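Structural overview for review
This is what each chain is made of:
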Amino acid sequence: MTVRAAELVMAVFMTICSLAIMYKSSDGLKIGWIPGSGPGSGAWPFWLSFGMFLSCLVIIYRWFRRHTPESNSTEPYIGNQESRIIGVTIAALFFLLLGAHIVGIYFSIVLFLLFYLKVLGGHGWGLTSFLSLATPTWLFFFFEAVLQKPLPKGYAEELFYPLYDVIYGKGGSVVTLMVLLGIPALGFVPPLLNWFRGRAAV
Amino acid sequence: METVLEPLLVGLLQAFEPLNLMMLVIGCLIGLFVGAMPGLGSVNGVAILLPVTFLVPPTSAIIFLAAVYYGAMYGGAISSITLGIPGASTAVATVFDGRPLAQAGKADLALLTAAVASFIGGTISIVLFTLFAPPLADFALKFGPTEEFALMVLAFATFIGLGGDDIPKTIFSILIGLVFATIGLDIISGKPRLIFFDIDGFLHGVNFLVLAIGIYGIGEILWTLEQTKGDVQVHKVTTSFKSFVANLKRVREYFPTTVMSGVLGYFVGILPAAGATPASLMSYGLAKTFSKDPDSFGKGNISGIAAPESANNSASTGSMLPMITLGIPGSPTTAILLGGMIIWGLRPGPLLFSEHPEFVWGLIGSLYIANVFTLIFNLALIPVFVRVLTLKFTILAPMIFILCVVGGYVPEQSLHDVWLMFIFGVFGYLLRKLNYPVAPAVLAIVLGPLAERSLRQSLLASQGDAMIFLERPLSATFIGIAALLALYPLFAAWRRRVREATQAASDQ
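The structure presented is a predicted model; accordingly, all values stated were derived computationally and were not measured.

Calculation rules
Residues numbered from 1 in each chain as written. Chains lettered and ligands numbered in written order. Predicted model: local features only at pLDDT ≥ 70, side-chain atom pairs only at ≥ 80, totals over all residues. Helix = DSSP H or I, 4+ residues; strand = E, 2+ residues; numbered from the N terminus. Rg over C-alpha atoms; globule rule 2.2 N^0.38 Å. Buried ≥ 20, exposed ≤ 12 C-beta atoms within 10 Å, placed from the backbone. Contact = placed C-beta atoms within 7 Å. Core = buried A, V, L, I, M, F, W, Y, C linked by C-beta atoms within 7 Å. Nonpolar A, V, L, I, M, F, W, Y, C, P; charged D, E, K, R; others polar. Axes fitted to C-alpha atoms, helices over the stretch in contact; angles between N-to-C directions. Parallel < 35°, antiparallel > 145°, perpendicular 65-115°, else oblique. Left-handed = near helix turned anticlockwise from the far one by under 90°. Expected span 1.5 Å × (residues − 1). Bend = angle between axes of the 7 residues up to and from the residue. pLDDT = per-residue confidence, 0-100.

Details of the overall build of chain B
- The helix and strand inventory of chain B stands at 23 helices and 2 strands.
- The C-alpha atoms of chain B give a radius of gyration of 23 Å, which matches the 23 Å a tight globule of 508 residues would have.
- For chain B, the spread of C-alpha atoms along the principal axes amounts to about 70 × 70 × 55 Å.
- For chain B, the residues scored as buried account for 58% of the 508 residues in total.
- Taking all contacts inside chain B whose residues are at least 6 apart in sequence as the whole, residues at least 24 apart take part in 78%.

Side note on the overall build of chain A
- Helix and strand counts for chain A come out as 9 helices and 2 strands.
- Shown N-terminal to C-terminal, the secondary structure of chain A runs as helices and strands in the order α-β-β-α-α-α-α-α-α-α-α.
- Over its C-alpha atoms chain A spans a radius of gyration of 26 Å, topping by over 25% the 17 Å that the globule rule assigns to 202 residues.
- Here the C-alpha coordinates of chain A stretch approximately 70 × 55 × 30 Å along the principal axes.
- Expressed as a percentage of the 202 residues in chain A, the buried residues total 25%.
- Here the contacts in chain A between residues at least 6 apart in sequence split such that 58% fall between residues at least 24 apart.

So, the nonpolar core
- Core analysis: the largest hydrophobic core is formed by 202 residues, its most contacted members being L65, L211 and V442 of chain B.
- Setting aside residues no more than four positions away along its own chain, L211 of chain B makes contact with F180, V206, F424, A441, V442 and I445 of chain B.

Topic: the interface of chain B and chain A
- Opposite the 45 residues of chain B that make contact, chain A presents 51 residues.
- Those elements giving two or more residues to the side of chain B that touches chain A turn out to be helix 8 (167–182), helix 9 (208–227), helix 19 (393–409), helix 20 (415–433) and helix 21 (439–461) of chain B.
- No other element matches helix 8 of chain B, which puts 9 residues into the side of chain B that touches chain A.
- Residues of the side of chain B that touches chain A, tallied by class, amount to 28 nonpolar, 6 polar and 11 charged.

A short note on unusual backbone geometry
Residue and element names in this part refer to chain B.
- One non-glycine residue, D198, lies in positive phi territory at about 55 degrees.
- Of note, D198 is situated in the loop between strand 2 (192–193) and helix 9.
- Taking the C-beta count within 10 Å as the criterion, D198 has 8 such neighbours and is therefore assigned exposed.
- A positive phi angle, near 50 degrees, is found at Q413, a position not held by glycine.

Quick notes on the packing of helix 2 (residues 18–36) of chain B against helix 4 (residues 58–82) of chain B
All names here are of chain B.
- Their axes nearest at 6 Å, the elements helix 2 and helix 4 cross at an angle of 30 degrees. In terms of their interaxial angle, helix 2 and helix 4 are classed as roughly parallel. The interaxial crossing formed by helix 2 with helix 4 has right-handed handedness.
- Considering only residue class, the contact of helix 2 with helix 4 consists of 22 nonpolar, 10 polar and no charged.

Comments concerning helix 4 of chain B
Residues and elements named next belong to chain B.
- Over its 25 residues, helix 4 runs 36 Å from end to end, which matches the ideal 36 Å to within 8%, given 1.5 Å per residue.
- A bend of about 30 degrees at M73 is the largest found in helix 4.
- With 24 of 25 residues buried, helix 4 is to be regarded as a mostly interior element.
- A positive backbone phi angle near 80 degrees is found at G84, which sits one or two residues after helix 4.

Some words on the environment of E500 of chain B
Residue and element names in this part refer to chain B.
- If you trace the backbone, E500 turns up in helix 23 (residues 473–507).
- Taking the number of C-beta atoms within 10 Å as the measure of exposure, E500 has 10 and is therefore exposed.
- In sequence terms E500 and S319 are 181 residues apart; their C-alpha atoms lie 36 Å from each other.

Things to note about helix 7 (residues 145–162) of chain B
- In this model, helix 7 of chain B (18 residues) spans 25 Å end to end at C-alpha, consistent with the 26 Å of a helix rising 1.5 Å per residue.
- Of all 18 residues in helix 7 of chain B, 16 are buried, a share of seventy percent or more.

Observations regarding the packing of helix 4 of chain B against helix 6 (residues 107–140) of chain B
Residues and elements named next belong to chain B.
- Two numbers describe how helix 4 lies on helix 6: the axes approach to 10 Å, and their chain directions differ by 160 degrees. Between helix 4 and helix 6, the interaxial angle falls into the category roughly antiparallel. By crossing handedness, the relation of helix 4 to helix 6 is classed as right-handed. Taken together, the residues of helix 6 that come into contact with helix 4 (itself represented by M73, Y74, A77, I78, I81 and T82) are A107, A110, L111, A114, A115 and S118.
- Split by residue class, the contact of helix 4 with helix 6 holds 10 nonpolar, 2 polar and no charged.

Structural notes on the environment of Y436 of chain B
Residues and elements named next belong to chain B.
- Its location among the elements puts Y436 in the loop between helix 20 and helix 21.
- Classification of Y436 as buried rests on a count of 24 C-beta atoms within 10 Å.
- Separated by 268 residues in sequence, Y436 and P168 have C-alpha atoms that sit 9.1 Å apart.
- Ignoring anything within four residues of it in the chain, the contact list for Y436 reads K169, F172, S173 and L431.

Digging into the confidence of the model for chain B
- Per-residue pLDDT for chain B averages 84, and the proportion of residues at 70 or more is 94%.
- Among the scores for the predicted complex, ipTM is 0.90 and pTM is 0.81.

Thoughts on the environment of Y77 of chain A
- Structurally, the position occupied by Y77 of chain A is in the loop between helix 3 (69–72) and helix 4 (80–102).
- Between the C-alpha atoms of Y77 of chain A and F13 of chain A, which are 64 residues apart in sequence, the distance is 16 Å.
- Not counting chain neighbours up to four residues away, the residues in contact with Y77 of chain A comprise M1, T2, V3 and A6 of chain A together with K433 of chain B.

Below you can see the structure in the form of C-alpha cells.
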C-alpha cells in the first residue's frame, strides 16, 4: 500500500469513527441546551466528534486535490522489511496480552521474551534464558512484595501460593531485597568479566 | 525578593530530605539513561515511570519525574554525538555539529560542551522560573472558569499556529483527545457516555496514562524499530584529565551563545505547543545566524552543540512554569506531569502555591540540586553510557514493551486498559506515519475534563450566552490571541504564495 492510499484509507476510517462517536454521544443523551441546567451530557462529545468529522472531510478533500505530501507520495506506507519486524512485534505483543488472561502476565512474559530474544533477536541461549526468567521474577517481587499491586495470574494463580509464603513469611523482606538487588547485579557480571579479561590480556 | 528567598530555602531543605534526595538521584540517573537511548526521550520515560510514583508522596513523586525530565535533556546529547542518532527529538540539533566533532576524534570535547551548556542553560532557566512563578500564580488567581477555558483554547491554538504540523490533522488530534477524555461517567449528571459495545471497562473512563504510554511507549518503539534498521556505529570516546581541563577552558568561546540560548529556550518552553524540541532548533538557527563563522556550523562548531543543549534544558524548566501556575502544560512531558498531579490529588494552578507550597517549592528547590547532580553524573558516567549504547535494540525493545504493559495495568489494575494502550500504541504509530501529530491528543486528554467543566460552568453562569467569553477582558484577550494564532498558518501560506508569485514575475 502506498502512503497516498493509506492516507485515504485512514481518513475514511476516521470519518466513519467520527460518525459512530456522534451517534453514540446522542444515544440516550441530550446534545443541546437544557433550560436551567446547561449543556446536555452528550453535547460536549457530540460537537467535538462533529469537529472531527469536519476535519476528516477536509483531509479527504485535500487528498483529492493532492495538497499534502502524503496525498502525493507513492512510497510504500510500510516497506517489506519493516512490515515483517513491525508485524511480528505487534503479533508478539498481542499474544503477550492474550497470554496474560490465560496463564497470567508472568508466564506470558517468559514466553514473550523467549520468542523475542531468541527468534527475533537471534541472541544466545544464555542471555535469553537469563532475561526470560530474571525479568518476571524481578517484576513479581517488585509488584507483589514492594508495591503490593498483584498482576494478573490467570489460571496459574495457585502456582504462586508457595511464593506468597516466601514474600509474606519470616524473612520475606530480606529475600525480596536480595532478589531486587541481586538480579540487576548478576546482569553486570558478564561485562565485568569481559573487562577483567581485557585488562589481564594487556 | 525576600518573598522568594525564604520559601526557596525551605524548598531546598526539603529537596535534601533523604527520600526526596534519593528519588532525585535515581531520577537523574534514569533520565540520563532514558535520554541517551535512541527511541526513548523524556516524555517516554516520564509516561512509563509515572505508575511507579504511586508508592511515594506527591512531592517526592514530582521531584523524581522532574529529575527524569531534566536528566533526559542532558542524556540526549550522548547518543547524538556518539551514534549520530538523536537520543530524543530534543537533541536533534546536537547531531548537526556533535557527530562531525566525534568523527574528527573530539567526542570528549563535544560531550563536555553539551554537559556544560546544559548546566548553564538549566541554571538560567531555574532562576527565571523562581522569579516568574510567584507573580504569575498571583495573576492567575484572578481567573474564573471563563478565563480557564479561554486559556485552554489558547493552548490548543498554539499547537495549530506554531506546531508546524498539518492543520486539519492537528485539529483532529486535539479533538480526538478531548473525545477520549469524555468516555466514562459525565462529571455533572453522572450519566455514562461513550461506553462502546457496553464494555464495563469504559465506565471508569480512559486514563490519560493509557494513551500516553500507548503512544510514547509502544508507538515510539514501533517507530524506532522501523527507523533503526541497519548497523549503528558507536564512536569511541577517549578522555584524560589533561584533555578535560583543556576542553573546559574553551567554555568562554561558547558562553555568550549558551546564555542567549538559555534565555530563548526558557521563553519558548513556556508556550504549550513548543517545548524543548523547537527551542533547541530555534537556538541552533539563531546561533548560526549571529555567528562570525556561520559556514562552520554543521562541520563541528562547538557553539552548534552549546546552543541547542542550553536551550533544551532551559525549555524543560520553562515548560513547567505554566503547568504549575496556570495548569496548562508547556510541553508533552509536562502534560503527563500534569496528569500525574491530578492523579496524586493535586489541582495544578495558582492555588497550588497557597494550598501546597511544600510541593511547589520542593520542586523548585530540587531543580537546583538536580542540575548539579546531573552535570556530575553526566561527566563521570560517559564511558558507562557509551557502553550501554552498544546494547542491541532487540534486548531493549521487549523490556520497554513489558514496562509499558505493567505500567498500563497498574493504575486501574485492569487488563482492559492494557488492551486499550496496545490499540492506542499501534494506531499512534500508524497515524504518525501519515504525519498526524500525537502530542496534541495527549495534551487534550489531560486538559479535556478541566476544559469541559470550565465551559459548562461558564455557560451556566451566563445562562447559555457564549458571549461571556468575549465580555470578560482577560478571557477576550486569550480568545483574541488564540484566533490570531489559529489564523497565522493561513497568513503565512498566503505570504509565501505572494512571495513566490513576485519572484516568478521578477524572474520573467
